[in-house]
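Here are the chains, one letter per residue:
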Amino acid sequence: MQDQTDLSAVDLSGLERKQWIRRISEIGESDGFTEPLGAQHHAVFVERGDTLLVSFESAPGIDALSETATPLGWEMARDCDWSSLTVLCTADTWFRDAAVYTFFDQLLDDGFFDDFETVVFYGAGPCGYAAAAYSVTAPGARVVMLQPQATLDPRVTEWDERFTEMRRTDFTSRFGYAPDMIDAAERAYLLYDPRERFDAMHAALFTRPNVERLRLPFMGSALQADLLDLELLGPLLSAAAEDRLDRLSFAKMMRARRDHPPYLRKLLMRLEGDGRMKLAEALCENVTKRMDAPRFRRRLNALRAKRSRPDQGEQTAPDAQGEQIPAEA
């Protein structure tokens, strides 16, 4: 048997796209299989343990989020000894392609998913849509989605103004409406920021008995990047695979946000924007007691000075980045 590739030693950063595809294909052929799926998609399987992560990822997203330009699934294969099936797109396509449909049909016909004790589908945004949509081919799977879209069919989501260029794409045929496709999942977990209006509206469409919607207020619209920064994405996937993920365990994990400056800055901006200056001051006091945070220290001093001179109103309030924002924003 051929030796498995040491994924911890793989670094694909700096490669041009064709070279990058060629290299991950070589690793797939060595450790499992690889299959091109039309012009915009590619599948790479790396066989390891009896838990399978089916991750939907975009090549630009991998470039932006991985220092080694390797798929997230390979990190789980390396760190947890999971098998990894990475389904790649070269741009945001929502994986609406007949070649992708055929690929998952073939996996279903071959009983591919039956070889694993646990199957987890994962994706974020457009890839989160795909994770939900294609999970129907592996009944009993777990699904983890970060701020997914339910569909971009304008007859259903005409209120979503972000992806108008996709409105002519077919979301009504096979694997089309993602919320219906997760009915066969053992459990699905949907993470979103309820203050991101469109994300929250899509999340509402996923209301199903087997879906746990987990809220991340003030985290914004880049949850995957933030969870990677917090080193929480791997533990979340592991907890989902082992049926340990619930609201209490999720809340305990998310306490890590208390030391995450991007989250703290967003929270401060919201408190000041809502005119809740006492809470903003309390937040700054808490942060400066626990962390070396010069920006929060400066803002704390400014808030205290403002409180001592109530007769001198200000029309704008600097956020934690030092920029001016409208006081009523």
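Scroll up a little and you will see the structure.
Residues numbered from 1 in each chain as written. Predicted model: local features only at pLDDT ≥ 70, side-chain atom pairs only at ≥ 80, totals over all residues. Heavy atoms only, no water.

Draft legend 1. Structural view of the pairing of strand β5 (residues 118-124). Extensive coverage of β5 is indicated by the burial of seven of its seven residues. Neither face of β5 is exposed, since T118, V120, Y122 and A124 on one face and V119, F121 and G123 on the opposite face are all buried. Pairing of strand β3 (residues 51-58) with β5, which is carried by five bridges, proceeds in the parallel orientation. Counted as the bridge partner of V54 is F121 from β5. Two elements, β5 and strand β6 (residues 142-146), share five bridges in a ladder whose sense is parallel. By the bridge assignment, G123 is partnered in β6 with M145. In terms of handedness, the path from β5 via helix α5 (residues 126-134) over to β6 forms a crossover that is right-handed. (Buried < 20%, exposed > 50% of the residue type's maximum accessible area, 1.4 Å probe, protein only. Helix = DSSP H or I, 4+ residues; strand = E, 2+ residues; numbered from the N terminus. Pairing = 2+ DSSP bridges. Right-handed = clockwise from strand over helix to strand, strands pointing away.)

Draft legend 2. A look at helix α13 (residues 277-290). Compared with the 20 Å implied by 1.5 Å per residue over 14 residues, the 20 Å span of α13 between its first and last C-alpha is a close match. Taken residue by residue, α13 has A280, E281, L283, C284, V287 and T288 as its buried positions. The buried residues of α13 occupy an angular sector of 160° when the element is viewed end-on, so they sit on one face. Turned more than 90 degrees away from the buried face of α13 sit K278 and K289, all of them exposed. On its buried face, α13 sits against α12 (261-273) and α14 (294-308). (Expected span 1.5 Å × (residues − 1). Arc of directions from axis to C-beta. Contact = heavy atoms within 4.5 Å.)

Draft legend 3. Highlighting the pattern of salt bridges. Per the stated rule, a full pass over the model turns up 21 salt bridges. As a salt-bridge pair, E242 and R244 come within 2.6 Å of each other at their nearest N and O atoms. Residue R244 is classed as partly exposed on the basis of its relative accessible area of 43%. (Salt bridge = Lys/Arg side-chain N within 4 Å of Asp/Glu carboxyl O.)

Draft legend 4. Quick look at the packing of aromatic side chains. The full count for this structure, using the stated rule, is 19 aromatic pairs. Arranged with centres 5.0 Å apart and planes meeting at 70°, the rings of W94 and F163 form a pair that is edge-to-face. Residue W94 is found in the loop between β4 (83-89) and α4 (98-110), and its partner F163 is found in the loop between α6 (154-157) and α7 (178-181); the two are separated by 69 residues along the sequence. The residue whose ring lies beneath R17 is W20, and the NZ or CZ to ring-centre distance is 5.5 Å. Geometry around F171 places R96 over its ring, the cationic atom sitting 5.5 Å from the centre. (Phe/Tyr/Trp six-rings, centres within 6.5 Å; stacked < 30°, edge-to-face > 60°. Lys NZ or Arg CZ within 6 Å of the ring centre and 35° of its normal.)

Draft legend 5. View of the pairing of β4. Burial runs high along β4: seven of the seven residues are buried. Burial along β4 is two-sided: the face carrying S83, L85, V87 and C89 and the face carrying S84, T86 and L88 are both buried. Direction of pairing for strand β2 (residues 41-46) relative to β4: antiparallel, over a ladder of six bridges. Considered in β4, the bridge of V46 is made with S84. Two elements, β3 and β4, share seven bridges in a ladder whose sense is parallel. By the bridge assignment, S58 is partnered in β4 with C89.

Draft legend 6. Representation of the sheet that holds β6 in the model. With respect to topology, eight strands assemble into an open sheet ordered β1-β2-β4-β3-β5-β6-β7-β8, the strand pairing being mixed. The strands lining the two open edges of the sheet, one partner per strand, are β1 (32-37) and β8 (211-215). When the angles between neighbouring strand axes are averaged without regard to direction, this sheet yields 15°. Where β6 lies against strand β7 (residues 187-192), five bridges are found, and the strand directions are parallel. Considered in β7, the bridge of V144 is made with Y189. (Axes fitted to C-alpha atoms, helices over the stretch in contact; angles between N-to-C directions.)

Treat this as a map of the structure, not an account of what it does.
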